[in-house]
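Spelled out from the first residue to the last, the chains are:
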Amino acid sequence: MDTKSIVIEALKNVRYPGTGKNIVESEMVTSDDIIVTGKNVEIRIHFDRPTDPFIKSIIKAAEAAVTTFGDASLEVKGNITPHYRQQLPDPSDLPLKKVKNIIGVSSGKGGVGKSTVAANLAVALAAEGYKVGLLDADIFGPSIPKMFGIEDYQLYMHKVDGRDLIIPAERYGVKILSIGFLVDKNNAVIWRGAMASNALKQLINDVDWGELDYFLIDMPPGTSDIHLTLVQTLPITGAVIVSTPQQVALADARKGIAMFREPKIDVPVLGIVENMAWFTPERHPEERYYLFGKEGAAHLAEELNVPLLAQIPVTETICDSGDNGKPIALGDNITAQAFAHLARVVIEAVDTRNITLPPTKAVLAK
């Protein structure tokens, strides 16, 4: 029996955990994938995608099988390489290829001020001199148009490299797009998950976002199809989790962090923002009233070993600011100062993440 045949027979002892079949039977390796030069054996093993969780274990098992069930004198260690039937997309073909950092602003539940944080963080980053975009990905409850006073904005398109692309709105130095521009603000959006996901992909891919330093995504609350669509479409730099101090919100925030940390998603969590941390009368800024509990998000950040990015107080004017289309970060009160602080901390957190971790890859759909 020649060396190739010996290796093939040995590899029949390696089973792929996902199917239970051996890798020869599954056509993950054939005789054409084996190159023999004396005692040196090179082997290619084919996987469906680069994100296959069993790549390393299969390669180790193949090395052991050749020497155990084949010929112990063969040099195979370090000579087995994975090949993929589904390749990672070319970076030049990715959406938002001119965007440096993509940040998801997420919350475990609704009503914690996630959109308020996203809107004001975007404005505060723009005030720091950065090019900023904001996508309202809360398909079923878009509120960004209201917060920026552009509910009746009319979208237009123009050609870029032969493609018709949507021109995002621009307000307070932030490029903005929302499904709210495309639907009747008085009617509910009643779509199945697939329709919502397709609409979101269009808001990402068919828009002339241009060059941006920070692209913020106001995600819907919870963990849903929309979140999966986003991580499958975009290489998200990091996630900012928003929660109030109360325990019912923190329980859901914990689930949101677990979703981003799930190995198949693996989006770094930049930190937690504790919104509505306390109430402060604007005329008495030294006074604090803990309406929703005290430092609950701070304790959660410590428990889960993630940074507490900022604590945002509630004042009388923050609600009026959002309703009037002028984010409070444009002002100079204590809440505006808190958002300015948040912007600077997020900038530092993103810089640290980019220095210490490899770029996030979009998750390939199965």
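Residues numbered from 1 in each chain as written. Predicted model: local features only at pLDDT ≥ 70, side-chain atom pairs only at ≥ 80, totals over all residues. Heavy atoms only, no water.

Asker: What am I meant to see in the sheet that holds strand β5 (residues 132-136) here?
Answerer: The strands that make up a sheet are held in pairs by hydrogen bonds between backbone atoms, and each pair lies either parallel or antiparallel. With respect to topology, 8 strands assemble into an open sheet ordered β8-β9-β5-β10-β4-β11-β12-β13, the strand pairing being mixed. Lying at the two open borders of the sheet, with one neighbouring strand each, are β8 (169-171) and β13 (308-314). When the angles between neighbouring strand axes are averaged without regard to direction, this sheet yields 25°. Relative to strand β11 (residues 238-243), strand β4 (residues 99-106) runs parallel, the two sharing 4 bridges. Among the inter-strand pairings, V105 is bridged to a residue of β11, identified as V240. (Pairing = 2+ DSSP bridges. Helix = DSSP H or I, 4+ residues; strand = E, 2+ residues; numbered from the N terminus. Axes fitted to C-alpha atoms, helices over the stretch in contact; angles between N-to-C directions.)

Asker: Help me out: how do you make sense of the nonpolar core in this one?
Answerer: The nonpolar side chains of a soluble globular protein tend to be buried, and buried together. Among the nonpolar cores identified, the biggest contains 87 residues, and F148, L177, F215, L230, L234 and L342 are the most heavily contacted of them. Apart from the residues lying within four places of it in its own chain, the contact partners of F148 are A119, V123, L134, R171, Y172, I176, G325 and P327. Formed by 23 residues, the second largest nonpolar core is a distinct cluster that contains V29, I34, F47 and L74. (Core = buried A, V, L, I, M, F, W, Y, C linked by side-chain atoms within 4.5 Å. Buried < 20%, exposed > 50% of the residue type's maximum accessible area, 1.4 Å probe, protein only. Contact = heavy atoms within 4.5 Å.)

Asker: How do you make sense of the sheet that holds strand β3 (residues 80-84) when you look at a structure like this?
Answerer: With mixed pairing, the 3 strands of this open sheet are ordered in space as β1-β2-β3. In this open sheet, the two edge strands, each paired with only one partner strand, are β1 (34-37) and β3. Ignoring which end each strand starts from, the neighbouring axes of this sheet average 15° apart. Bridge count between β1 and strand β2 (residues 40-47): 4 bridges; the pairing is antiparallel. Looking at β2, one finds that V36 is bridged to V41.

Asker: Would you explain the pairing of strand β7 (residues 163-167) in this entry?
Answerer: Remember that side chains alternate between the two faces of the sheet whenever the strand is regular. Pairing of strand β6 (residues 156-160) with β7, which is carried by 5 bridges, proceeds in the antiparallel orientation. In the sheet register, H158 faces β7, and the bridge partner there is L165. Between β6 and β7, which follow one another and run antiparallel, lie 2 residues, and D161 among them has a positive phi close to 50°.

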